[in-house]
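Chain residues, written in single-letter form:
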Amino acid sequence: MLTRSKLPTIVSLLACPDDGADVVVIDDGVQCSRCRRIFKVYDNDIIEMMPSTMHTRSLYNDKYPAVVNRYWRSYTELFNEKYRRETTGAAWGAFESITHKNKMRKKKELLIINGLMGKTKGILCDVSAGAGLVTIPSCKRFDIVINCDISVNNLNYVYNKAKTEMIENIVFIRCDHLNLPIKKDSIAVAVAIDTLIYGREHDVRLLNEMRRIIGSGGFSIIDISNKYHKLPFIDRPCYRYTMSEIKRVIKECGYENFISKRFVQETDTLFRALIPATRFVMKMIKTASS
Ligand SMILES: C[S@@+](CC[C@H](N)C(=O)[O-])C[C@H]1O[C@@H](n2cnc3c(N)ncnc32)[C@H](O)[C@@H]1O
Ligand SMILES: [Zn+2]
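The text that follows walks through the structure, step by step, so that each part is easy to find. What you are looking at is a predicted structure, and each value in this text was computed from that prediction instead of being measured.

Here is what the cut-offs are and how they apply
- Residues numbered from 1 in each chain as written.
- Chains lettered and ligands numbered in written order.
- Predicted model: local features only at pLDDT ≥ 70, side-chain atom pairs only at ≥ 80, totals over all residues.
- Helix = DSSP H or I, 4+ residues; strand = E, 2+ residues; numbered from the N terminus.
- Buried ≥ 20, exposed ≤ 12 C-beta atoms within 10 Å, placed from the backbone.
- Pairing = 2+ DSSP bridges.
- Axes fitted to C-alpha atoms, helices over the stretch in contact; angles between N-to-C directions.
- Contact = placed C-beta atoms within 7 Å.
- Near = placed C-beta within 6 Å.
- Nonpolar A, V, L, I, M, F, W, Y, C, P; charged D, E, K, R; others polar.

All right, on to unusual backbone geometry then. Even without glycine at this site, asparagine 44 takes up a positive phi of about 70°. By secondary structure assignment, the location of asparagine 44 is in the loop between strand E3 (38-42) and strand E4 (46-48). For asparagine 44, a count of 14 C-beta atoms within 10 Å corresponds to the partly exposed category. Even without a glycine there, the phi angle at methionine 166 is positive, about 55°. Inspection of the secondary structure assignment puts methionine 166 in the loop between helix H5 (152-164) and strand E7 (170-174). According to the C-beta neighbour criterion, methionine 166 is exposed, with 7 such atoms within 10 Å.

Okay, here's the thing in structure tokens:
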């Protein structure tokens, strides 16, 4: 885990989620240099940096209203959770809580993600880490890994796992990824897996936040569901995009170049070449002009 002595390095990358000002280390946490708000640090490694107010939803006439409304309801609940150190069970997507079939799917997708990441150093930020399926293995490939989540349980779950595995270069930030408490141009790679699933407003806001925090030459890795994710025999309701919608969103969020990999999670057989991709796993590069 990161010890208190390494806290200043992390803190130099952080910004107050309310006004974007620098934060400084104080005795019992970190403090905004402008509004003086204090953010608690738990066990030297978990920094709670939630904004004072929730993101205000504006786009009501989105497609798939059931999926989108469900997200904004759960966002309100997660936002208002009080921080506590206890876990209430396995985090979302944790290997011990999913079926063998789902575990294999996740592993398959992780291989694609690792291939897109390549050899990278510097700082990785997973903006919605869940059970840490990307963050924990990434600790071997990056200098520092920032594990973000709004869910107290998910954050504590990965914290406990990292502690058991004696990982020394991971830090935890409880935050809202619609308003990330990280300075612009400050990290190498931002990741959001199984997260661009909550509707256009959420997804565009998140992609903009991810682009803001990565430096020029850095990149974001995401996955996004294809329109054809919900075939008659697949019942997994989530927000889905056509390829032209994806391209429009990516451009709107200021990324100029991207690499896209087809991912079919339903089958491993040759049959998969014949069915539409379930998702696209994408690497979006930030250029000096973007
Ligand atoms: C579907 S899970 C995916 C987790 C992980 N990336 C994976 O692939 O297993 C989505 C994650 O996003 C987190 N999340 C949702 N809204 C968030 C927000 N506004 N800010 C930060 N995290 C959020 C949830 O708590 C959850 O851990
Ligand atoms: Zn402030």
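Further remarks concern the sheet that holds strand E11 (residues 279-285). The sheet built from 11 strands is open, its strands ordered E1-E2-E3-E4-E7-E6-E5-E8-E9-E11-E10 with mixed pairing. The open sheet has two free edges, formed respectively by strand E1 (23-26) and strand E10 (257-263), since each of these has just one partner strand. The sheet shows a mean angle of 20° between the axes of neighbouring strands, direction not considered. Two strands pair when backbone bridges link them, and E1 and strand E2 (residues 29-32) are joined in this way by 4 bridges, in the antiparallel orientation. By the bridge assignment for E2, isoleucine 26 is matched with glycine 29. Taken strand by strand, H5 contacts E4, strand E6 (144-149) and E7, and its axis lies near 170° from that of E7.

This next bit is on the site of ligand 1. Around ligand 1, 19 residues are found, and the nearest of them are Gly93, Ser128, Gly130, Ile150 and Ser151. Among the elements of the structure, helix H2 (65-80) and strand E8 (187-196) are those that each provide at least two residues to the shell around ligand 1. Looking at which element gives the most residues to the shell around ligand 1, the answer is E8, with 3 residues. Partitioning the shell around ligand 1 into residue classes produces 9 nonpolar, 7 polar and 3 charged.

Turning to the environment of isoleucine 146, a few remarks are in order. Take isoleucine 146: it is sitting in strand E6. We classify isoleucine 146 as buried; it has 27 C-beta atoms within 10 Å. As a C-alpha pair, isoleucine 146 and valine 171 span 25 residues in sequence and 5.1 Å in three-dimensional space. Ignoring sequence-local partners within four residues, the contact set of isoleucine 146 consists of Ile123, Cys125, Val171 and Ile173.

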